[in-house]
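# Notes for the structure review
Each chain, letter by letter, is given below.
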Amino acid sequence: MDASIVVVGSLNMDFVVAVKKLPAPGETVLGRNFQMIPGGKGANQACAAGRLVREGTRVRMVGRVGQDLFGDHLKASLSAAGVDVSTVAHSRTQPTGVALIAVEASGENSIVVASGANMDLPASDVEAMRRVFRGARVVLFQLESPLDTVAAALRIAREEGALTILDPAPAQPLGRELLENVDVLTPNESEALGLLGEPARRIEAGEAAELASRVRALGPRTVILKLGEQGAFLQSASESGHHPGFRVEAVDTTAAGDTFNAALAVALAEDRAMAEAIRFANAAAAISVTRMGAQASAPAREEVERMAAI
Ligand code: RIB
């Protein structure tokens, strides 16, 4: 059976340390509670989607891990969430990706990724996997894979009739050709500014509409500007508006954006209206920040339905 939701992207083993305050450049700080937690923006989206879909809806992960224990562990973690990992291959030359993550008391984090096998996913392999996109309702992307692979996969997914969602993280410049194959682009504030060639800064509440519409002018059909605890701002050809987030006590914001995208994909694959899909996604992201870790924090469907009241 074809998967309804396909995720193309990264799988990392996250090395997580809790710190009082994130270190400044050149500073050493003492941390506590070292943990290894399955992560990677792609795998986080697949895991969260796997936990959120209704029975009978399939989620598939496309990516690369190394021939090592981390790779096996990451695949097992996704399988446990119900994700089909038969299209996660083992690189012959590169180790599994890892991410070094410091999380401070406020829930804010800093992340350094060693991509390893995630970058061993050539565009030609994706072309050979066209059948994987056939029949998919939604295909999810991020930017921890080679850019030409993301570009090729976006084009193929579109050709096969899927809705494409790109999380432009980590931030990098993107061409119009790539962005025109994106149905829904989901930058946070700094990624949106980066796409426009502007330095990162906190935007004012009244700026979201203008920022979202300037990003939309770069080529994607719809922009959902992720505003953290403030929720999200939607800008499409027919709709423009703020969708408030849910107030929670943040413990760790790692993978909140990944959970948002997964929940959005699940709701859109069920043909829900965009406003309802964003509410579902805001609720899923809010629950995820109340827990430590990336995949460890992905909520169950009942929890999200309860918070979103949909
Ligand atoms: O978005 C969070 C993720 O970014 C972490 O799980 C880490 O692996 C990096 O990819």
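A short tour of the structure in this document, coming up. (Residues numbered from 1 in each chain as written. Predicted model: local features only at pLDDT ≥ 70, side-chain atom pairs only at ≥ 80, totals over all residues. Heavy atoms only, no water.)

## Considering the pairing of strand S1 (residues 5-8)
Where burial is concerned, the two faces of S1 agree: the one with Ile5 and Val7 and the one with Val6 and Val8 are both buried. In this sheet, strand S4 (residues 59-65) lies alongside S1 in parallel orientation, the contact comprising four bridges. What sits directly across from valine 8, in S4, is valine 62. (Buried < 20%, exposed > 50% of the residue type's maximum accessible area, 1.4 Å probe, protein only. Helix = DSSP H or I, 4+ residues; strand = E, 2+ residues; numbered from the N terminus. Pairing = 2+ DSSP bridges.)

## Side note on the sheet that holds strand S3 (residues 31-39)
Spatially, S3-S2-S6-S7 is the arrangement adopted by the four strands of the open sheet, whose pairing is mixed. In the strand order of this sheet, the two ends are held by S3 and strand S7 (109-114), each with one partner. Averaged over all pairs of adjacent strands, the angle between strand axes in this sheet comes to 20°, irrespective of strand direction. Summarising the sheet, strand S2 (residues 12-19) and S3 pair through seven bridges and their orientation is antiparallel. Residue pairing in the sheet places valine 19 in a bridge with glycine 31 of S3. (Axes fitted to C-alpha atoms, helices over the stretch in contact; angles between N-to-C directions.)

## A word on the packing of aromatic side chains
Scanning the entire structure with this criterion turns up two aromatic pairs. Ring centres of phenylalanine 15 and phenylalanine 34 lie 5.8 Å apart, and the angle between their planes is 55°; on these two criteria the pair is classed as tilted. Of this pair, phenylalanine 15 sits in strand S2 while phenylalanine 34 sits in strand S3, placing them 19 residues apart in sequence. Where phenylalanine 15 meets phenylalanine 70, the ring centres are 5.8 Å apart and the plane angle is 85°; that geometry is what we call edge-to-face. In this pair, phenylalanine 15 sits in strand S2 while phenylalanine 70 sits in helix H2 (residues 69-80), placing the two residues 55 residues apart along the sequence. On the basis of relative accessibility, which here comes to 27%, the residue phenylalanine 70 falls in the partly exposed class. One aromatic cluster is present, built from ring pairs that chain together Phe15, Phe34 and Phe70. (Phe/Tyr/Trp six-rings, centres within 6.5 Å; stacked < 30°, edge-to-face > 60°.)

## Considerations on the nonpolar core
Leu78, Ile224 and Leu264 are the most contacted members of the largest nonpolar core, which has 51 residues in total. Looking at this core, the element that brings in the most residues is helix H10 (residues 274-288), giving 10 residues. Dropping the residues within four chain positions of it, leucine 78 is found in contact with Leu11, Ala43, Ala46, Cys47, Met61, Val83, Val85 and Gln295. Ranked by size, the runner-up nonpolar core spans 36 residues in total, among them Val62, Val126, Ala162 and Leu185. (Core = buried A, V, L, I, M, F, W, Y, C linked by side-chain atoms within 4.5 Å. Contact = heavy atoms within 4.5 Å.)

Function cannot be inferred from these measures alone, as they are strictly geometric.
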